[in-house]
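What follows is the residue order along each chain.
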Amino acid sequence: MPTLATALGMRFYSTEDPDTCRAEMDVDSRTRQPFGVISGGATLALAETLAGIGSLAACPGKRCAGISVTGNHVKAVQEGDTVTAVARIIHRGHKIHVWNVDITNSSGELVSSVSVTNYITSLPNNIVKER
């Protein structure tokens, strides 16, 4: 099923630490501004998606929805580069998860720092889990 993650070319990698997760995304025609640098919206989408995957992994059988995403963009990344996002959970409650996501360029320089809050709830009985 097509998703935002596939449309933007996000790639996800497992980590040995259950409190972290990692993803990469290319800065290309799908993720850049007209000026040739990464879009802040694409950066936030990467962070929210990665934190959502982290919450889903921590809570099998639950639904996780981002309810707050805030970020600071501190460095531009030119088209042709790749960004790496590392998400670390800082609060794991029964209903709320809070993640910090740092996004770096291929040189390891901080590009964006993002906080994502996910709301955790049960799946309704009538939801279709797979298509």
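Scroll up to find the structure this text is about.
What comes next is a walk through the structure.

Here is what the cut-offs are and how they apply
- Residues numbered from 1 in each chain as written.
- Predicted model: local features only at pLDDT ≥ 70, side-chain atom pairs only at ≥ 80, totals over all residues.
- Heavy atoms only, no water.
- Disulfide = S-S within 2.5 Å.
- Core = buried A, V, L, I, M, F, W, Y, C linked by side-chain atoms within 4.5 Å.
- Buried < 20%, exposed > 50% of the residue type's maximum accessible area, 1.4 Å probe, protein only.
- Helix = DSSP H or I, 4+ residues; strand = E, 2+ residues; numbered from the N terminus.

Below, the discussion takes up the state of the cysteines. Scanning all chains against the criterion turns up 0 disulfides. Here Cys 21 stays unpaired: no disulfide links it, and the sulfur of Cys 64, its closest cysteine neighbor, is 11 Å away. Unpaired in terms of disulfides, Cys 59 finds its nearest cysteine sulfur in Cys 64, a separation of 5.4 Å.

Attention now moves to the nonpolar core. Within the largest apolar cluster, 25 residues are counted, with the highest numbers of intra-cluster contacts made by Met 25, Leu 46, Val 83, Trp 99, Val 101 and Ile 103. For this core, the secondary-structure elements that each account for two or more residues are α1 (4–8), β2 (20–26), α2 (40–58), β4 (82–92), β5 (96–104) and β6 (110–122). Broken down by element, this core gets its largest block of residues, 6 residues, from α2.

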